[in-house]
Structures are given as C-alpha cells and as structure tokens.
Amino acid sequence: QVQLVESGGGLVQAGGSLRLSCAGSGRTFSNYGAGWFRQAPGKERELVAGITWIGGHTHYADSVKGRFTISKDNAKDTLYLGMNSLKTEDTAVYYCAATRGLITSPQYDYWGQGTQVTVSS
C-alpha cells in the first residue's frame, strides 16, 4: 500500500517562495508517476504539475509555468514542488499523488492528506 505524506506548506507573502515535500512509503516515486494537485475553496481540484516515473519528464499547468518546479529524489523516495513568485491565487490545499497511468490524467491511484498553502497580499 502506497502512503504519501506532504509537508512544507504555510503562510507566505505574495512574491515569496515555498518548497513542498512529499514522502513516499518505499520506492514509490521509482515505480509511479507523480503529481501535485491543488484545491482552493469553492473550486475544483486541479493538476499543478506532474513527473513521469521513467525519465522524469514534467508537465505543468499554464498558470504555474515558469514559477513552479516539480522534482523527485528516488533515493529518498521524496517528491518536491518548488514554488516561486507566489500569488494570492496560488492559495489552496496542495496534494501529492501517485499514478500508474498518465501523469496528465486527473485519475491518480494514491493521495496524500494535503498541506495548506496561503499566500497573503
């Protein structure tokens, strides 16, 4: 059973940076594609960024391209999301997820519990 635990959320001013981490339960990111999703109040959950399990190919939502970076460390079984130039509209609960399917699909197999990111103006 895959377990995912996010950390690194918090309160930051607009223009600031944060790095989210997601710890897998053992060889997770060596065997699964992975992604970061977010859900803001009153909005649907959206895919922010994804990374393939082979090759580390990445995909980003248009709204975060050039500001966010997804990466992983297979040795540490940890997924990261570096977030720069944060905007108030980036405020949301961020979820780490793992999939055997396409990283661009919203249907992931395993989910973390989420971590809150709040960007103040």
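First things first, this report covers the structure right here in the doc. A quick note: this is a predicted structure, and the numbers were derived from the prediction, not measured.

Quick word on the state of the cysteines
Thought 1: Within the structure shown, the criterion is met by one disulfide.
Thought 2: Two residues share a disulfide in this structure: Cys22 and Cys96, whose sulfurs sit 2.1 Å from each other. Since a negative S-S torsion denotes a left-handed disulfide, the Cys22-Cys96 link at about -75° is left-handed. Taken together, the positions of Cys22 in strand E3 (residues 18–23) and Cys96 in strand E9 (residues 92–99) put the pair 74 residues apart, joining distant regions of the chain.
Thought 3: Given the relative accessible area of 0%, Cys22 is considered buried.
Thought 4: Among the residues examined, Cys96 registers a relative accessible area of 0% and is labelled buried.

Thoughts on the pairing of E9
Thought 1: Burial of E9 is extensive: seven of the eight residues sit out of reach of the surface.
Thought 2: Summarising the sheet, strand E4 (residues 33–39) and E9 pair through seven bridges and their orientation is antiparallel. Along E9, the bridge assignment pairs Gly33 with Thr99.
Thought 3: One ladder, built from two bridges, connects E9 with strand E10 (residues 110–111); its direction is antiparallel. Directly across from Ala97, in E10, lies its bridge partner Trp111.

What about unusual backbone geometry?
Thought 1: Despite not being glycine, Asp77 shows a phi value in the positive range, around 50°.
Thought 2: Phi is positive for Ser85, close to 50°, though the residue is something other than glycine.
Thought 3: The residue Ser85 is located in the loop between strand E8 (78–83) and E9 in this model.

Section: the sheet that holds strand E1 (residues 5–7)
Thought 1: In space, the four strands of this open sheet follow the order E1-E3-E8-E7, with antiparallel pairing throughout. Edge positions in the sheet fall to E1 and strand E7 (68–73), since each has one partner strand and no second. Taking the axes of each pair of neighbouring strands and ignoring which way they run, one obtains an average angle of 15° across the sheet.
Thought 2: Bridging between E7 and E8 involves six bridges; their strand directions are antiparallel. Counted as the bridge partner of Lys72 is Leu79 from E8.

What counts and how
- Residues numbered from 1 in each chain as written.
- Predicted model: local features only at pLDDT ≥ 70, side-chain atom pairs only at ≥ 80, totals over all residues.
- Heavy atoms only, no water.
- Disulfide = S-S within 2.5 Å.
- Helix = DSSP H or I, 4+ residues; strand = E, 2+ residues; numbered from the N terminus.
- Buried < 20%, exposed > 50% of the residue type's maximum accessible area, 1.4 Å probe, protein only.
- Pairing = 2+ DSSP bridges.
- Axes fitted to C-alpha atoms, helices over the stretch in contact; angles between N-to-C directions.

Nothing here speaks to function; it is all geometry.
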